[in-house]
Amino acid sequence: MSAANEAITFLLNRDRVEEKAAPGIVLLDIIRRERHLTGTKEACREGDCGACMVLLGTPDAASRMHYVPVNSCLLPLGAVAGRHVVTIEGINGQSLNPIQQALVAQGGIQCGFCTPGIVVALTAFFLNGSASDAAEADDAVAGNLCRCTGYSGIKRAIHELCGRFDLRTSPFENRIRECIDWQLLPPYFASIPQQLVALPSVKPSAGEQDAVRVAGGTDLFVQQPVQLCTQPLAFLQPEDSLEGIRLQNGQCLIDAAATIEQLRTSPEMRTLFPAIVEDFKLVCSAPIRQRATVGGNLANASPIGDLSVFFLALDAGVRIAGPLRERSVKLRDFFNAYKQIDCGPDELLREILFDLPDPSAVFSFEKVSKRTYLDIASVNSALLIEVSNGIIQKIHLSAGGVAPIPLYLAATCDYLLGKAPRPDVVIEAAGVAQTEIAPISDVRGTEGYKRLLLRQLIFAHFLKLFAEQPGWEALYESS
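What you see is a predicted model, and the numbers here were worked out from it, not measured in a lab.

Considerations on the packing of aromatic side chains
The relation between two aromatic rings is expressed through the spacing of the ring centres and the mutual angle of the planes.
Right, on to step 1. A full pass over the atoms with the stated rule returns 14 aromatic pairs.
Right, on to step 2. Seen from their ring centres, Phe 273 and Phe 354 are 6.1 Å apart, and the 50 degrees between their planes marks the pair as tilted. Remark: Phe 354 occurs in strand E14 (residues 348-355) and Phe 273 occurs in the loop between helix H11 (267-272) and helix H12 (276-279); sequence separation between them is 81 residues.
Right, on to step 3. Take Phe 273: its relative accessible area is 3%, and that puts it in the buried class.
Right, on to step 4. Residues Phe 310 and Phe 311 carry aromatic rings whose centres are separated by 5.3 Å and whose planes lie at 80 degrees to one another, so their mutual orientation is edge-to-face. Each member of the pair Phe 310 and Phe 311 is classed as buried.
Right, on to step 5. Looking at Arg 332, its charged tip hangs above the ring of Tyr 408, at a distance of 3.8 Å from the centre.
Right, on to step 6. Positioned above the aromatic ring of Tyr 415, the side-chain terminus of Lys 419 is 4.2 Å from the ring centre.

Below, the structure written as structure tokens:
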């Protein structure tokens, strides 16, 4: 879809709407300024606070609706064509629903500015959760900031709601009906699939040569919101199912348009990397995970990109499609220089792939940032290691925040290969790593601090994965 202002049709709460506006204008501005639905709040405009959160509903192949929480400040209008957008006004009924009642009863509301976003986030949890797990519900609202309550009242409300509604007895195919019966959703939600069928079919994105390709856009619409309203855009819609992640011929293949949340919840990825569910909670909040794509995170080429570091430790490759041919590149060779990648303006990152690890291999992801959760890393690192008969048979180690690009630590891997994972070997390996890196001092830490962090993260990998190995106190003595 280009920057020409063609009518974009979608459902907004109960109503069909048409907006003749630039596809790159963010939905928040349409909701508040054109539709005057001011329950959706405007605050950070960077996806950090959750005050502007809405539900975005898309039908699957069986015409069942799937709703995800998204930050409307980062959601371009062109990406909602043919979909259902739900603001707090679309959840409200004649009286408070159980989520709103619980927040009031448990003291989870003071000024109320953040409350609409929290209600939307909790509604999304009850629409999508597999169990009424209070810890998972807490994660569902991790992207919602509240300056007043101290969060205790919100957490009490969450615990009350999880004790009241048992998601284990509610199959996904009946979940919307259950939420209507529980009065978490108004009855009109039952008719949304039929209303969407009646909308005009969504036109494919225009293929202008100068079109900006947009998938999740969670960083793009922070950096270039004004420019994107005046440029032609080509929307690359993420897959709406987990078919974008598959195992084939000894490899795992991931569609570049798969989202971080699809990666985190993929049965295949969870089997290969059991810690991925918790590890990726460090990366970003649930609404960002629902939109941010794997390919976008890699193509961004941030020196501290979490997924870049994750996949470098798997010695992954990427497939790049051009107008005449498709080619493959090792991820370690994909990053050329700061924010520069081996992908031309007429090429598109299509797929990420890596060989399936041996069953004996173990994996570790570590990250240090100013905040434990949902923050940009000061330094991050990942390690895949395979040990047989006490000797390292295969190893891949990566680090971010220590060079102009996400870094594959080749010399350190070469040093460790064929050795035992003993404390003295790990200490020496951490020293080798220091010769490969070139961190700079910035707002996330001094050069010396980042060097120290990488050494400590390398130690952390081995302490985590080989805790039974004696003598690890030597790591503390070397610090």
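From this point, the discussion proceeds with the structure in view.
Some details on the pairing of strand E1 (residues 7-12)
Right, on to step 1. Most of E1 sits out of view: five of its six residues are buried.
Right, on to step 2. With six bridges joining them, E1 and strand E2 (residues 15-20) adopt antiparallel strand pairing. Residue pairing for E2: Thr 9 is matched across the bridge by Glu 18.
Right, on to step 3. In this structure, the hairpin formed by E1 and E2 is closed by a connection of two residues, where Asn 13 is found at a positive phi of approximately 55 degrees.
Right, on to step 4. Looking at chain direction, E1 and strand E5 (residues 84-86) are connected through two bridges and run parallel. Its bridge partner lying in E5, Leu 11 is registered against His 84.

Points about the sheet that holds strand E9 (residues 251-255)
Right, on to step 1. Strands sit in the order E8-E9-E14-E10-E11 across an open sheet of five strands; the sheet is antiparallel. Looking along the sheet, the strands with just one partner apiece sit at the ends: strand E8 (245-248) and strand E11 (326-330). Geometrically, the sheet is characterised by an average inter-axis angle of 25 degrees between neighbouring strands, direction not taken into account.
Right, on to step 2. Taken together, the five bridges between strand E10 (residues 317-321) and E14 define a ladder with antiparallel strand orientation. For Arg 319, the partnering residue across the bridge sits in E14 and is Glu 351.

Things to note about unusual backbone geometry
Right, on to step 1. At Arg 45, a residue that is not glycine, the phi angle is positive and equals roughly 55 degrees.
Right, on to step 2. With respect to the helices and strands, the residue Arg 45 is situated in the loop between helix H1 (27-34) and strand E3 (53-59).
Right, on to step 3. Overall, Arg 45 belongs to the partly exposed group, its relative accessible area being 28%.
Right, on to step 4. Within the chain, Ser 63 stands out as a residue other than glycine whose phi angle is a positive 65 degrees.
Right, on to step 5. You can see Ser 63 is positioned in the loop between E3 and strand E4 (65-71).

Overview of the packing of helix H18 (residues 423-436) against helix H19 (residues 447-465)
Right, on to step 1. Look at H18 against H19: their axes get within 10 Å of each other, and the N-to-C directions meet at 145 degrees. Seen along the crossing, H18 lies across H19 with a hand that is right-handed. Of the residues in H19, those touching H18 at Val 426, Ile 427, Ala 430, Ala 433 and Gln 434 are Arg 451, Leu 454, Arg 455, Ile 458, Phe 459 and Phe 462.
Right, on to step 2. Residues belonging to the contact of H18 with H19 are distributed by class as follows: eight nonpolar, one polar and two charged.

Some words on helix H4 (residues 115-128)
Right, on to step 1. An ideal rise of 1.5 Å per residue puts 20 Å on 14 residues; H4 measures up with 20 Å between its terminal C-alpha atoms.
Right, on to step 2. The element H4 is extensively covered by neighbouring structure, given that 13 of its 14 residues are classed as buried.

Conventions and cut-offs
- Residues numbered from 1 in each chain as written.
- Predicted model: local features only at pLDDT ≥ 70, side-chain atom pairs only at ≥ 80, totals over all residues.
- Heavy atoms only, no water.
- Phe/Tyr/Trp six-rings, centres within 6.5 Å; stacked < 30°, edge-to-face > 60°.
- Helix = DSSP H or I, 4+ residues; strand = E, 2+ residues; numbered from the N terminus.
- Buried < 20%, exposed > 50% of the residue type's maximum accessible area, 1.4 Å probe, protein only.
- Lys NZ or Arg CZ within 6 Å of the ring centre and 35° of its normal.
- Pairing = 2+ DSSP bridges.
- Axes fitted to C-alpha atoms, helices over the stretch in contact; angles between N-to-C directions.
- Left-handed = near helix turned anticlockwise from the far one by under 90°.
- Contact = heavy atoms within 4.5 Å.
- Nonpolar A, V, L, I, M, F, W, Y, C, P; charged D, E, K, R; others polar.
- Expected span 1.5 Å × (residues − 1).

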